[in-house]
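Listed here are the chains, written in short residue letters.
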Amino acid sequence: MRVGTCLVALAALALASCNQAADPIKIIGSSTVFPFTTAVSAAFVEGKKGARPIVESTGTVAGFETFCSVQGGADIADASRRMTLAEFRKCQANHVGDLLEIPIGLDGIAMVDSSAGPKLTLSRKDLYLALAANPLGKPNAAKTWKDVNPQLPPIPIQVIGPPANSGTRDVFEQLILQPGCVEAMPEARALLSASDPSKLHNACRAIRKDGPFSERGEDYAVIIQKLEQDPNALGVFGYSYLEQNAGKLHGVPIEGIAPDQSSISSGKYPGVRTLYLYVKATHLKMRPALQDFLNLYATMWGPGGALTQRGLIAMSDSARKRAADTIKNATPLDEATLV
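The following refers to the structure shown.

**Description of the pairing of strand E9 (residues 272-280)**
Here is the key point about a regular strand: its side chains alternate between the two faces of the sheet.
In step 1: E9 sits mainly inside the fold: 7 of its 9 residues count as buried.
In step 2: In terms of strand pairing, strand E3 (residues 76-79) meets E9 through 4 bridges, oriented antiparallel. If you follow alanine 79 over to E9, its bridge partner there is tyrosine 276.
In step 3: By the bridge criterion, 9 bridges tie strand E4 (residues 99-114) to E9 in an arrangement that is antiparallel. For glycine 108, the partnering residue across the bridge sits in E9 and is valine 272.

In structure tokens:
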């Protein structure tokens with residue numbers, strides 16, 4: 001009787017493994033990475049390497065939340081910023097196991113206006129004073145760009161951007177607002193190493209909620225439509241969307257540097273970031289098509305590749321080799337490198 005029970009259990013386990021291998025690859029996360037992953041997905045099907053992957057755009061934060069919530073579930077998390085230590089530990093608490101961290105290319109946090117817009121040139125200090133909830137420790141009362149910098153025109157501050165569960169929003173706060181805060185208020189530098197991160201967030205990174213900044217979800221097409229309707233408004237999203245809509249949009253220079261392929265690849269543009277895939281290592285063993293999908297991704301992210309034609313900025317040769325080696329060797333992410 002016990003032998004029969006064991007055989008039934010083993011058969012059920014084998015069947016579950018077979019079903020896991022046959023299921024389509026499931027990917028969730030960043031809206032910025034979404035068009036690149038969907039392009040690889042289409043090539044994956046065209047090359048008859050497997051069933052069409054299921055790719056869902058939820059935003060980086062919500063994507064990590066789902067990805068790390070269960071041991072099964074999504075195979076890959078698209079991310080427009082690096083995973084945090086807290087997110088990694090949630091994965092481990094839910095027995096997700098080893099993760100592969102695969103950088104796929106570079107992007108920039110672009111400030112944009114319509115081609116008919118005012119063609120502003122802004123600094124990170126300007127953006128901090130215009131958009132922070134409590135610039136210089138006081139509730140934000142600025143209504144126009146001239147209120148934050150006398151050299152700017154008296155145009156109402158209207159910025160449309162991603163919600164708080166977006167990796168793009170996280171990076172905008174980190175790379176643009178935070179340095180602007182330190183420049184405007186040098187004493188804020190001490191908060192960078194403070195034991196209580198909420199103090200830094202409240203002083204430098206919290207965005208005002210009284211109207212000049214409005215959230216428009218993860219659908220960047222909606223932001224583009226709003227910019228076309230209101231030439232004085234500015235938008236915030238990944239550079240790839242600017243490049244794909246070059247006839248409609250204009251990149252706003254920050255610190256005198258416009259977002260373009262050259263300024264992003266060189267690191268001169270203030271809002272440069274790396275885009276990532278996170279992969280559950282155990283799923284590589286259960287789902288052979290997942291390895292094929294990642295190998296295909298690596299063939300498409302180089303200079304002149306299909307993804308750079310969609311706005312992804314290729315990493316250096318050495319960075320691409322390290323990423324490809326991570327795929328080849330299934331090298332797990334080291335918790336000690338996260339913050």
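**Regarding the state of the cysteines**
In step 1: A full pass over the atoms with the stated rule returns 2 disulfides.
In step 2: Paired by a disulfide, cysteine 68 and cysteine 91 hold their sulfur atoms 1.9 Å apart. Measuring the twist about the S-S bond at about -65°, one finds the cysteine 68-cysteine 91 disulfide to be left-handed. Of this pair, cysteine 68 sits in the loop between helix H3 (60-67) and E3 while cysteine 91 sits in helix H4 (residues 85-93), and the two are 23 residues apart along the sequence. Residues cysteine 68 and cysteine 91 agree in their burial class; the two are buried.
In step 3: Residue cysteine 181 pairs covalently with cysteine 204 via a disulfide, S to S 2.0 Å. Every disulfide takes its handedness from the sign of the S-S torsion; for cysteine 181 and cysteine 204 that torsion is -50°, giving left-handed. One end of the pair, cysteine 181, is in helix H7 (residues 167-184); the other, cysteine 204, is in helix H8 (residues 197-205), and 23 residues separate them in sequence.

**Some thoughts on the layout of surface pockets**
In step 1: Here the largest pocket defines a volume of roughly 650 Å³.
In step 2: Taken together, 24 residues line the largest pocket, and the ones lying closest to its centre are Arg81, Thr84, Asp170, Gln174 and Arg205.
In step 3: Among the residues forming the lining of the largest pocket, the class breakdown is 10 nonpolar, 6 polar and 8 charged.
In step 4: What the second largest pocket holds in volume is close to 260 Å³.
In step 5: Every residue along the wall of the second largest pocket is listed here: Gln178, Leu191, Leu192, Ala194, Ser195, Pro197, Ser198, Leu200, His201 and Arg205.
In step 6: Partitioning the lining of the second largest pocket into residue classes produces 5 nonpolar, 4 polar and 1 charged.

Basis of the calculations
- Residues numbered from 1 in each chain as written.
- Predicted model: local features only at pLDDT ≥ 70, side-chain atom pairs only at ≥ 80, totals over all residues.
- Heavy atoms only, no water.
- Buried < 20%, exposed > 50% of the residue type's maximum accessible area, 1.4 Å probe, protein only.
- Helix = DSSP H or I, 4+ residues; strand = E, 2+ residues; numbered from the N terminus.
- Pairing = 2+ DSSP bridges.
- Disulfide = S-S within 2.5 Å.
- 1 Å grid on protein atoms, 1.4 Å probe; cavity = no way out; pocket = protein on both sides within 12 Å on 5 of 7 lines; lining within 4 Å.
- Points joined across faces, edges and corners; volume = space filled by probe spheres on them.
- Nonpolar A, V, L, I, M, F, W, Y, C, P; charged D, E, K, R; others polar.

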